[in-house]
Amino acid sequence: MNAPITPSDTYLRTYTEPEVTALLRELHERGKTFGIQWGSATVNGTTIDGRLLIDFGDTSLATLLNLLELLREAGRT
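Report on the accompanying structure. (Residues numbered from 1 in each chain as written. Predicted model: local features only at pLDDT ≥ 70, side-chain atom pairs only at ≥ 80, totals over all residues. Heavy atoms only, no water.)

What to know about helix H2 (residues 61-76)
Between its first and last C-alpha atoms H2 spans 23 Å; for 16 residues at 1.5 Å apiece the expected length is 22 Å, and the two agree. Listed in full, the buried residues belonging to H2 are Leu 61, Ala 62, Leu 64, Leu 65, Leu 67, Leu 68, Glu 69 and Leu 71. Packing partners of the buried residues in H2 comprise helix H1 (17-32), strand S2 (51-54) and strand S3 (59-60). (Helix = DSSP H or I, 4+ residues; strand = E, 2+ residues; numbered from the N terminus. Expected span 1.5 Å × (residues − 1). Buried < 20%, exposed > 50% of the residue type's maximum accessible area, 1.4 Å probe, protein only. Contact = heavy atoms within 4.5 Å.)

Describing the environment of Pro 7
Summarising the element assignment, Pro 7 is placed in the segment before H1. Each C-alpha atom of the pair Pro 7 and Ala 62 lies 5.2 Å from the other, and the pair is 55 residues apart in sequence. Look past the residues within four positions of Pro 7 in its chain and what remains in contact with it is Leu 12, Arg 51, Ser 60 and Ala 62.

Considerations on the nonpolar core
Ranked by size, the top nonpolar core spans 17 residues in total, and within it Val 20, Leu 24, Leu 27, Leu 61 and Leu 64 carry the most contacts. Mapped onto this core, the elements with two or more residues apiece are H1, S2 and H2. In terms of residues, this core owes the most to one element, H2, which gives seven residues. Setting aside anything within four residues of it in sequence, one finds Leu 64 in contact with Val 20, Leu 23, Leu 24, Leu 27 and Ile 54. (Core = buried A, V, L, I, M, F, W, Y, C linked by side-chain atoms within 4.5 Å.)

Shown next as structure tokens:
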């Protein structure tokens, strides 16, 4: 498993809204197997220091990426 991504990782600023929307679609697909559903999750459009927020509790993109990594890892086992 990769090391968790921190919200201060500067490369997070390179993600665009369409890219994050695609990641949310992946979260919805991968999460179904585990009962993880955030049908209302969307890109908030708000940024903190250039980083997009995800609208399920205004979490950071790092949280979304870390959750996806866990789901990908679980899918491989």
